Structure formats: C-alpha cells, structure tokens
Amino acid sequence: VERIEWSPDSEYILAEVPKQSVVQVWSARDAAWRCRIDEGLAGVACARWARDSRHVLVTSEFQLYISAWPLEDGAVPVRVPHPKHAGRGVAF
C-alpha cells in the first residue's frame, strides 16, 4: 500500500496499491461493502477522491489517462486522455 486517504465526507477510505495496479475502497459505515478498481496494464500512478466522495480519480502510469470511477454497482468509468500531471494536475 503506497497511500491511504479518507473521502471528503469521511464515509469511505481508499488504499492506493500501485505495484498491483489496484485501488481498493472500503466503507466506514458498512463493513461488508468494498470496491476494487483494477487498472490492469495501464497501472496506477495516483488515486484521489472527487469532491462528491462518490468517484475515485485514478491516473494511469505514464499519464495515459485519468479514469473517473463511480462507486455505484455496474457503473462505467469515464476516461480523460493524456493529463499533464499525475498527482497535482487533479484539482477542484
């Protein structure tokens, strides 16, 4: 685990595991709820919370894209290609 971060509303916690290309999310209120975001071969350079605490923004290795992952079941991520900076380029 490279980094751990609470969501802005303190309902969720994410763990960034770049060596496995994974971001894991757990709920502080529901012990049975969890989410695993797997970026596969693109890798994970950085993961951050969106302001709404319901999306996780994941920047891939080599800044190929940023994925906005919704925490809803069955939802599809939105990808923005070629961001400028992995960590500091995501702001609200």
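Details of the structure are given in the entry above.
Residues numbered from 1 in each chain as written. Predicted model: local features only at pLDDT ≥ 70, side-chain atom pairs only at ≥ 80, totals over all residues. Heavy atoms only, no water.

## Some details on the overall build of the chain
Next, step 1: Across its full length, the chain carries zero helices and eight strands.
Next, step 2: Along the chain, from the amino end to the carboxyl end, the secondary structure elements read β-β-β-β-β-β-β-β.
Next, step 3: In terms of overall dimensions, the chain is globule-like: its C-alpha atoms have a radius of gyration of 12 Å, near the 12 Å expected for 92 residues.
Next, step 4: Counting only C-alpha atoms and orienting by the principal axes, one finds that the chain spans roughly 35 × 30 × 25 Å. (Helix = DSSP H or I, 4+ residues; strand = E, 2+ residues; numbered from the N terminus. Rg over C-alpha atoms; globule rule 2.2 N^0.38 Å.)

## Details of the packing of aromatic side chains
Next, step 1: If you walk through the whole model with that rule in mind, you get two aromatic pairs.
Next, step 2: Grouping aromatic residues by their ring pairs yields a cluster made of Tyr12, Trp33 and Trp49. (Phe/Tyr/Trp six-rings, centres within 6.5 Å; stacked < 30°, edge-to-face > 60°.)

## Looking at the environment of Glu16
Next, step 1: Its location among the elements puts Glu16 in strand S2 (residues 12-17).
Next, step 2: Considering only alpha carbons, one finds Glu16 and Cys46, 30 residues apart in sequence, at a separation of 7.4 Å.
Next, step 3: Looking at Glu16, its side chain comes within polar contact range of the main-chain nitrogen of Ala47, at 2.9 Å. (Polar contact = N/O pair within 3.5 Å; in protein donor to acceptor, adjacent residues only side chain to side chain.)

## Section: the sheet that holds S2
Next, step 1: On the basis of which strands lie adjacent, the open sheet formed by four strands has the order S1-S2-S3-S4 and antiparallel pairing. Since the sheet does not close on itself, it has two edges, and those belong to strand S1 (3-6) and strand S4 (34-38), each with one partner. Sheet twist, expressed as the average angle between the axes of neighbouring strands with direction ignored, equals 15°.
Next, step 2: Pairing of S2 with strand S3 (residues 22-27), which is carried by six bridges, proceeds in the antiparallel orientation. Along S3, the bridge assignment pairs Leu14 with Val25. (Pairing = 2+ DSSP bridges. Axes fitted to C-alpha atoms, helices over the stretch in contact; angles between N-to-C directions.)

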